[in-house]
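Descriptive analysis of the structure
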Amino acid sequence: MTQRLLRGRTLSFRRRPEGVGDLDALVFEEDGALLLMDGRIAAAGAFDTIAADGVPVEDHRPHLILPGLIDAHLHMPQLRVMASWGTELLDWLARYTFPEEARCADPAHAQRMAAALFDRLLAHGTTTAAAYCTSHLASAEAFFTEAARRNLRMIGGRVMMDRGAPEALLDTAETAYDETAALMTRWHGVGRAEVAITPRFAITSSAAQLEAAGALAAAHPDCPIQTHLSENHAEVALAAELHPGAPDYFGIYQDHGLAGPRSLFGHCLHLTERERAAMAETGSVAVFCPTSNLFLGSGLFDMAGLETQGLRTAIASDIGGGTSSSMLRTLSEGYKVLALQGQRMDPLTAFWRATLGNAEALSLSDRIGTLAPGTEADIVVLDAHATAEMTLRMETVESLAEELFVLQTLGDDRAVRAVYVAGDPIKAAPAP
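Residues numbered from 1 in each chain as written. Predicted model: local features only at pLDDT ≥ 70, side-chain atom pairs only at ≥ 80, totals over all residues. Heavy atoms only, no water.

1. Concerning the sheet that holds strand E6 (residues 126–132)
Heads up, the condition is: When DSSP finds at least two bridges between two strands, those strands are taken to pair. A run of DSSP states H or I qualifies as a helix once it reaches four residues; a run of E qualifies as a strand once it reaches two. Both are numbered from the N-terminal end. Helix axes use the C-alpha atoms of the stretch in contact, all axes being lines fitted to C-alpha atoms, and the angles between their N-to-C directions lie in the range 0 to 180 degrees.
Taken in spatial order, the four strands make up an open sheet running E5-E6-E7-E9, and their pairing is parallel. Two strands bound the open sheet, and with one partner strand each, they are strand E5 (69–75) and strand E9 (193–195). If you compare each strand with its neighbour and ignore which way they point, the axes differ by 20 degrees on average. The pairing of strand E7 (residues 154–157) with E9 spans three bridges and is parallel. In the sheet register, Ile 155 faces E9, and the bridge partner there is Glu 194.

Okay, structure coming up:
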């Protein structure tokens, strides 16, 4: 039996905060402890109340101990095309993304990209992500094999696309169905893996392929679904042209049985009123990808408007359209995107989004996203004094919320002092 006792300032969430002063939404201990046992949190509370005779203490004071960060949308093969200059979405895909993804037909390259992805995520304190692989079975096998080797809770999908891309990336409705079904048999629910049904978007999937994806969803209702929706005006127009019978872009997916509580729709920037109402009615999730939306000039995510209309939301890096693997940088850019629209993402809500909020969006809040006893021990330790700028700013900080805002706006991988995956340490604290 493997046991650890972590000591530090523990923070997680009971529910979404209603504002920066809503401390009842938090579970916070100034001198807290987590007893980790066999990959789970066995006990949590004040340090002097957690009995752990004979268990060595790993003392992280004065740092904050939080649930591992969660990323709701990213692309495994795109690390090498992050920060590729000068285009909007469709040209960016054709010029940079598709040629890079074609390289993942080589199992060795796919394995290298999977390892690089997890190295970067863990360095930034991200312990769970929903990821797109490529249309090659080898890429998804590499993703799940590497995730299993590291005992990570990950969602991944083999991308389905049978048109609108180079020949080296195209599949068929039948091969997409068969290979995704094979992945489900091999990986879904095995260890900490979930297989997502992953049509890239309606532009690169024919009606026949979307029908196949819908058949998979009907046969496997416990599997998540992930795709893209309304990221770019040209994309929206092309989707309407290619699927003329649908009421709108979201309606394409809805008509094929791909909308529901486990459906993750990346971007959702240019939704019609009907689409907003239909997404809310089906319980679908709109995923906010701020660094990608800014970098590609796609538009501004209307968080307040969507949530007022009852939509569920999540937040994500969207690497490689996004420009950082860090959820702290993602929260920082998200704050700015919302501020441009007269909206605000306070620091309590920001860290709820990156932990429990994203866990709820991924239908995983019974397992991750909190520090509640019985949940999986994926944990990050954050240092708000990690850089000279942060240290100076912290001289004037007088509250937990202000400290979180320093982490949210100035933090990056240097603020990540330690990471635990299923109770095992992954990133050691640097020397003082």
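What follows picks up the thread again.
2. Quick word on a nonpolar patch on the surface
Note the cut-off: Here the term patch refers to residues with relative accessible area over 30% and no salt bridge, with like charges joined within 9 Å and nonpolar side chains (Val, Leu, Ile, Met, Phe, Trp, Tyr) within 5 Å. Accessible surface area values rest on a Shrake-Rupley calculation with a 1.4 Å probe, where residue burial reflects the displayed protein chains alone. In the sections that follow, a salt bridge refers to a side-chain nitrogen of Lys or Arg positioned within 4 Å of a carboxyl oxygen of Asp or Glu.
Together, Leu 294, Leu 300 and Leu 340 make up a nonpolar patch on the protein surface, roughly 260 Å² of accessible area in all. The topology assignment puts Leu 340 in the loop between helix H11 (327–339) and helix H12 (347–361).

3. Section: empty space enclosed by the protein
Counted only if it meets this: Lining residues are those with an atom within 4 Å of a point, where the points come from a 1 Å grid over the protein atoms alone and group into cavities, where a 1.4 Å probe fits but cannot get out, or pockets, open sets with protein on both sides within 12 Å along at least five of seven lines. Grid points are joined across faces, edges and corners, and a volume is the space filled by probe spheres set on the points. Residues are grouped as follows: nonpolar covers Ala, Val, Leu, Ile, Met, Phe, Trp, Tyr, Cys and Pro; charged covers Asp, Glu, Lys and Arg; every other residue, Gly included, is treated as polar.
Overall, the coordinates contain one cavity of 30 Å³ or more when judged by the stated rule. When its volume is computed, the largest cavity comes out at roughly 130 Å³. Contributing to the lining of the largest cavity are 14 residues, with His 75, Leu 89, Leu 93, His 228 and Glu 231 lying nearest its centre. Examining the composition of the lining of the largest cavity, we find that three residues originate from one element, helix H1 (residues 89–102), more than from any other. Taken together, the residues of the lining of the largest cavity break down into five nonpolar, six polar and three charged.

4. Describing the side chain of Thr 97
Where we set the bar: The contact criterion used is simple: two residues touch if any of their non-hydrogen atoms lie within 4.5 Å.
Structurally, the position occupied by Thr 97 is in helix H1. With near-sequence residues (within four places) excluded, Thr 97 lies in contact with Gln 78, Val 81, Trp 92 and Arg 200.

Interpretation note: all reported values are geometric properties and have no functional meaning in isolation.
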